[in-house]
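Geometric and topological summary
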Amino acid sequence: MSNNIYTTKELIEILAQERQACLMGQRLNLTAKASGNPLIDKFLKSEGAQKFAAYQDFKETIHRYQREHEVSGIVWRQVTVNGKTLQMPEVDAQLIALKSDIETLKVAKPSILAFWHEVTAGMDLYLSVNNGKDFRSISPADVGRISQRTEWAGLCNFEKSDFLEIILQLGWGKPEEAVYKRGWPTSGSEYIHAVKPGNRPIC
C-alpha cells in the first residue's frame, strides 16, 4: 500500500470490487449466522449471510479509513428535468458523510429547493407516509414547512415518455442513517414526490 491517501472515487471503486468478490463467494465471514435465531437459521442459507457479513465488515473498514484520513463521502451528480440542469452533492450510498460533508449538503440545500420548486410548478405533490407504503397529498406550503425542520436535501427523478416523478428528500442527521429510519430519530428523511396532475407516485 502506498503512502498516498485514496480518493473518494477510488474508495467507491474498491468497494465495488470487494462487493463483487463477496457476491462471487471469494470472501466469506465464516462466523456469521443468518439471523441468530436457530429456528430461522435452519431455513436460511448460511453462505448468503457469510457473503453479506464479509462485505459489511470490509465496508466498516473503509468507513474507518474515511474518518482517519478525512476522505469525503460526497459525489457530485447532475440532475436534468424539463431541460433544466442542477449540479448537486450527495453522499455515495456505500460511504459515510464526514462533518464537513454535512456542511456541504447544508450549503447546497437552498439551490436544490429552488430547482425543485422551479421544475415541479403545477405538479401534484405527495408526502411519503407509512414507510413509503402510502402517499398523502400536500401543498407547496407544506413542503416549505417540512424543509424548515430539516438540514439538507437530495433529489432524484424517474422519467418515461408519458410519466415524470421527481422525488425530493429532506433529511437531517447522518445521510447514511437517514434512509429507512435506521438512525431515527437523530437521523431521518421525509420524501416528497411530484407527479404530473392526475398521476400517483410509483417510486
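Before reading on, note that the structure itself is shown above.
Since we're looking at a predicted model, the values are computed, not measured.

Of regular secondary structure, the protein chain possesses five helices and seven strands. Sequence-distant contacts, at least 24 apart, represent 58% of the contacts inside the protein chain between residues at least 6 apart. Total accessible area on the protein chain is roughly 12100 Å²; 53% of this is exposed by carbon and sulfur atoms.

Let's shift gears to the nonpolar core. Counting residues in hydrophobic clusters, the biggest one holds 24 residues, and the most contacted among them are I112, W116, L155, I166, L168 and I192. When residues of this core are traced back to their parent elements, those giving at least two are β1 (74–81), β2 (84–91), α4 (99–119), β3 (124–129), α5 (140–148), β5 (152–160), β6 (163–172) and β7 (188–195). With six residues, the top contributor of residues to this core is α4. Non-local contacts of W116, meaning those with residues more than four positions away in its chain, are made with L125, V143, L155, I166, I167, L168, I192, H193 and A194. Ranked by size, the runner-up nonpolar core spans nine residues in total, among them L11, L15, A54 and Y55.

Another aspect to go through is the environment of N199. Here N199 lies in the segment after β7. Under the relative-accessibility criterion, N199 is labelled partly exposed at 24%. Placed 36 residues apart in sequence, N199 and F163 show a C-alpha to C-alpha distance of 8.4 Å. The residues touching N199, leaving out its near neighbours within four places in the chain, are D124, Y126 and F163.

We now examine the packing of aromatic side chains. Across all of its chains, the model carries three aromatic pairs by this definition. For the ring pair Y6 and Y65, a centre distance of 5.8 Å and an interplane angle of 55° mean the geometry is tilted. Of the two residues, Y6 is situated in the segment before α1 (8–23) and Y65 in helix α3 (residues 46–69); the sequence distance between them amounts to 59 residues. The class for Y65 is buried, based on a relative accessible area of 11%.

A few words now on the side chain of K109. Following the sequence through the fold, K109 ends up in helix α4. Although K109 is buried, it forms no salt bridge, and the closest oppositely charged side chain is E151 at an N-O distance of 8.7 Å. Residue contacts for K109: discarding those within four places in its chain leaves S147, T150, E151, W152 and A153.

Time to look at the pattern of salt bridges. For the coordinates displayed, the defined rule picks out five salt bridges. Linking E90 and R77 is a salt bridge whose minimum nitrogen-to-oxygen distance equals 2.9 Å. Of this pair, E90 sits in strand β2 while R77 sits in strand β1, and the two are 13 residues apart along the sequence. Its relative accessible area of 26% is what places E90 among the partly exposed residues. For R77, a relative accessible area of 26% puts it in the partly exposed group.

Our focus in this paragraph is the pairing of strand β4 (residues 134–138). Where β3 and β4 come together, five bridges link them in antiparallel fashion. By the bridge assignment for β4, V129 is matched with D134. Where β3 folds back on β4, the antiparallel hairpin that results is connected by four residues, among which N130 adopts a positive phi of roughly 55°.

Parameters and conventions
Residues numbered from 1 in each chain as written. Predicted model: local features only at pLDDT ≥ 70, side-chain atom pairs only at ≥ 80, totals over all residues. Heavy atoms only, no water. Helix = DSSP H or I, 4+ residues; strand = E, 2+ residues; numbered from the N terminus. Contact = heavy atoms within 4.5 Å. Areas by Shrake-Rupley, 256 points an atom, 1.4 Å probe, with all protein chains shown as cover. Core = buried A, V, L, I, M, F, W, Y, C linked by side-chain atoms within 4.5 Å. Buried < 20%, exposed > 50% of the residue type's maximum accessible area, 1.4 Å probe, protein only. Phe/Tyr/Trp six-rings, centres within 6.5 Å; stacked < 30°, edge-to-face > 60°. Lys, Arg positive; Asp, Glu negative; His and termini not counted. Salt bridge = Lys/Arg side-chain N within 4 Å of Asp/Glu carboxyl O. Pairing = 2+ DSSP bridges.

Remember, this is a structural readout, not a statement about activity or role.
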